[in-house]
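Structure assessment
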Amino acid sequence: MSEASAAVSPVFTRRIMGIEVEYGIFTSATPEQRKLTPDEVARVLFRPIIDEYSSSNIFSPNASRLYLDVGSHPEVATAECDSLTQLINYERAGDRVMDGLARKAEQALEAEGCARSVYLFKNNVDSAGNSYGCHENYLISRHMILKNLGVALLPFMITRQLICGAGMIAPAKGNEPAKFLLSQRADQVWEGVSSATTRSRPIINTRDEPHGDSKRFRRMHVIVGDSSMAEPTSALKVGSTLLVLEMLEAGFDVPRFAVDKPISRIRDIARDATGRTPLHLEDGSTVTALEVQAAFCAQAKRWLEQREDAGTPTAELRRVVDLWERVLAAIESQDFSKVDREIDWIIKRGLVERYRDKLGGDWGHPKLAQIDLTYHDIRAGRGLYDILLRRGMIARWTQDEAIEHAINHAPDTTRAALRGKFLAAAHRLNANVTVDWTRLKVNRPEPLTEEFLDPFDAEDPRLDELLAYMEKFHS
Ligand SMILES: Nc1ncnc2c1ncn2[C@@H]1O[C@H](COP(=O)(O)OP(=O)(O)OP(=O)(O)O)[C@@H](O)[C@H]1O
Ligand SMILES: [Mg+2]
């Protein structure tokens, strides 16, 4: 970031953010049954949506987007949130909505005489090696020069997997034996900062779609992260990133590491649970991945002393920094006992290691791959994550009541509140409407559209006009 951009950029302690989760999909089949392709299952999954909305790309009552993209990975993009725990609630509400659809799909298949289980996995790589994402969106100022921001963020982003990776067993490949990696996405990204999403998979995407006033805002799209199962892992992933963004915006003294070839290093970091991977800096010196994280964490702790208490409460971010410190201390000492209920890769590795030892010590055993996958099954009572949670082996960050509430209510602190009220009225009046992130449109009798370009605004008199118009012609 240049001095000039530091001077004009606001510090968004209250920041708009959203998470997009793509799910892996699979059905069981008995030997007599024909296997359904993921595409076929996805279509059964979305049948209730298509029946109700005549589309597989919709906004749900809680103002989130639900859709089926190419590649048959159903996706939920949460509504705009402006604080950390709220975002976690909406992401988890998305899981529950998708699970509800999976249950309906199972009933439909049974009614059609081909009963089978439908699995949704919140992970990032399927058994064929295809990758799908968990994208984080952070609003930043238009004055922030993205390229510079990206350079400052890259060392943080390539090492962030140490504190919040989902972990995975990578199957044997050529001469490389099967092994445990810290993160699922590390092997899937190819560039640092760029505008492409699919072709080259950059860590930070600069595609210019702010979903808001393009004179004031940008939407930073981070695609390097893993989907998180454990709530504290989500909190650390997003919370640490929020803190680094705030520090950069404030011109706070953020650690600078000019890492040579950062993208090639991300794969080495994923392969080293000690965090000792050396990163060569352009000045000829080296730091370890762990030292990079420790420097950001220490500075974030100092930042909290002067941070304006808005958006995500500072008290909540203190919990983030406390967890961050504990994870780094655990990696340093290799004693994981103080964080083995909070961080996905640590929880998962502990579990599969116990089995691996019983099974003869080979990471390539198919039973271990099965355990790895089952950890990401989102079904309560069936997925391993949920089973461990119920046994008290995984910690919480939020509560069920808040997640349940988020299923049917839009966030009330952001633009999503307008969309939620609009959708509720349309549902009640059976009105024909069209909605996207910025626009709300009543289609009949004559189209009436309003554009809401400030995602921070949860109130706007133009909403009342739209509602009055809807009421007049549909009641
Ligand atoms: N101004 C904003 N700043 C940050 N995040 C935003 C903003 N407006 C919307 N969002 C969030 O961005 C996400 C957009 O999700 P969506 O899946 O539509 O992404 P996309 O990048 O536009 O499209 P696609 O996934 O189809 O490529 C949502 O989670 C939403 O809440
Ligand atoms: Mg998306």
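What you are looking at is a predicted structure, and each value in this text was computed from that prediction instead of being measured. (Residues numbered from 1 in each chain as written. Chains lettered and ligands numbered in written order. Predicted model: local features only at pLDDT ≥ 70, side-chain atom pairs only at ≥ 80, totals over all residues. Heavy atoms only, no water.)

1. Describing the UniProt feature "active site" (unreviewed entry) in the protein chain
Here the UniProt feature "active site" (unreviewed entry) sits at D69. Inspection of the secondary structure assignment puts D69 in the loop between β4 (65-68) and β5 (74-77). (UniProt positions renumbered as here; feature names shortened; annotations may be inferred. Helix = DSSP H or I, 4+ residues; strand = E, 2+ residues; numbered from the N terminus.)

2. Digging into the packing of helix α4 (residues 84-111) against helix α7 (residues 231-250)
The geometry of α4 relative to α7 is characterised by a closest axis approach of 10 Å and an angle of 130° between their N-to-C directions. Accordingly, the angle class assigned to the pair α4 and α7 is oblique. With respect to the hand of their crossing, α4 and α7 are arranged in right-handed fashion. Seen from α4, the contacting residues are L84, L87, I88, E91 and R92; seen from α7, they are E231, S234, A235, V238 and G239. Tallied by class, residues from the contact of α4 with α7 come to five nonpolar, two polar and three charged. (Axes fitted to C-alpha atoms, helices over the stretch in contact; angles between N-to-C directions. Parallel < 35°, antiparallel > 145°, perpendicular 65-115°, else oblique. Left-handed = near helix turned anticlockwise from the far one by under 90°. Contact = heavy atoms within 4.5 Å. Nonpolar A, V, L, I, M, F, W, Y, C, P; charged D, E, K, R; others polar.)

3. Digging into the confidence of the model for the protein chain
Considering every residue of the protein chain, the mean pLDDT works out to 93; 95% of them sit at 70 or more. Low pLDDT, under 50, characterises residues 1-7; the predicted model gives this stretch 14 contacts beyond four residues in sequence or across chains. (pLDDT = per-residue confidence, 0-100.)

4. What to know about the coordination of the magnesium ion (ligand 2)
Of the protein atoms, only E20 (OE), Y67 (OH) and E75 (OE) coordinate the magnesium ion (ligand 2), at distances of 2.1 to 2.2 Å. The sequence pattern describing where the donors of the magnesium ion (ligand 2) fall on their chain is E-x46-Y-x7-E. Taken together, the positions of E20 in strand β1 (residues 17-22) and Y67 in strand β4 put the pair 47 residues apart, joining distant regions of the chain. For the pair shown, E20 and Y67 are each scored as buried. (Donors = N, O, S within 2.8 Å, 3.2 Å for Na, K, Ca; no water. Buried < 20%, exposed > 50% of the residue type's maximum accessible area, 1.4 Å probe, protein only.)

5. Quick notes on the domain arrangement of the protein chain
Once the domains are mapped, the protein chain shows domain 1 (3-404) and domain 2 (415-474). Each side of the interface is counted separately: domain 1 has 20 residues, and domain 2 has 14 residues. A buried area of about 1400 Å², summed over both sides, lies between domain 1 and domain 2, and 66% of it is on carbon and sulfur atoms. Considering only the side of domain 1, the residues that lose the most area to domain 2 are F59, E80 and H211, jointly responsible for 43% of the buried surface there. The interface formed by domain 1 and domain 2 contains three salt bridges. Put simply, R419 and E80 hold a salt bridge, and the shortest N to O gap is 2.6 Å. (Domains from an automatic or database assignment. Buried area = accessible area lost by both parts, 1.4 Å probe. Salt bridge = Lys/Arg side-chain N within 4 Å of Asp/Glu carboxyl O.)

6. Observations regarding the side chain of T27
Here T27 is to be found in strand β2 (residues 24-27). Those residues in contact with T27 that lie beyond four places of it in its chain are L36, V41, R116, S117, V118 and Y119.

7. Focus: the site of ligand 1
Residues in close proximity to ligand 1 total 23 residues, the closest being R65, Y67, T78, R207 and W437. Starting from 640 Å² of accessible surface for ligand 1 in isolation, the protein chains cover 92%. Those elements that place two or more of their residues in the shell around ligand 1 are β1, β4, β5, β7 (134-141) and β12 (217-222). Residue composition of the shell around ligand 1, grouped by class: 10 nonpolar, five polar and eight charged. Among the domains, domain 1 (3-404) and domain 2 (415-474) are the pair contributing at least three residues each to the shell around ligand 1. (Near = heavy atom within 4 Å. Areas by Shrake-Rupley, 256 points an atom, 1.4 Å probe, with all protein chains shown as cover.)

8. Observations concerning the packing of aromatic side chains
The final tally for this structure, using the stated rule, is 13 aromatic pairs. For the ring pair F180 and W363, a centre distance of 5.5 Å and an interplane angle of 35° mean the geometry is tilted. Here F180, found in strand β9 (residues 179-181), pairs with W363, found in the loop between α11 (344-358) and α12 (366-374); they are 183 residues apart in sequence, far enough to count as distant. With a relative accessible area of 10%, F180 lands in the buried category. A centroid spacing of 5.7 Å and a plane angle of 75° characterise the contact between F336 and W345, whose relative ring orientation is edge-to-face. For F336, a relative accessible area of 12% puts it in the buried group. Here W345 falls in the buried class, since its relative accessible area comes to 0%. (Phe/Tyr/Trp six-rings, centres within 6.5 Å; stacked < 30°, edge-to-face > 60°.)

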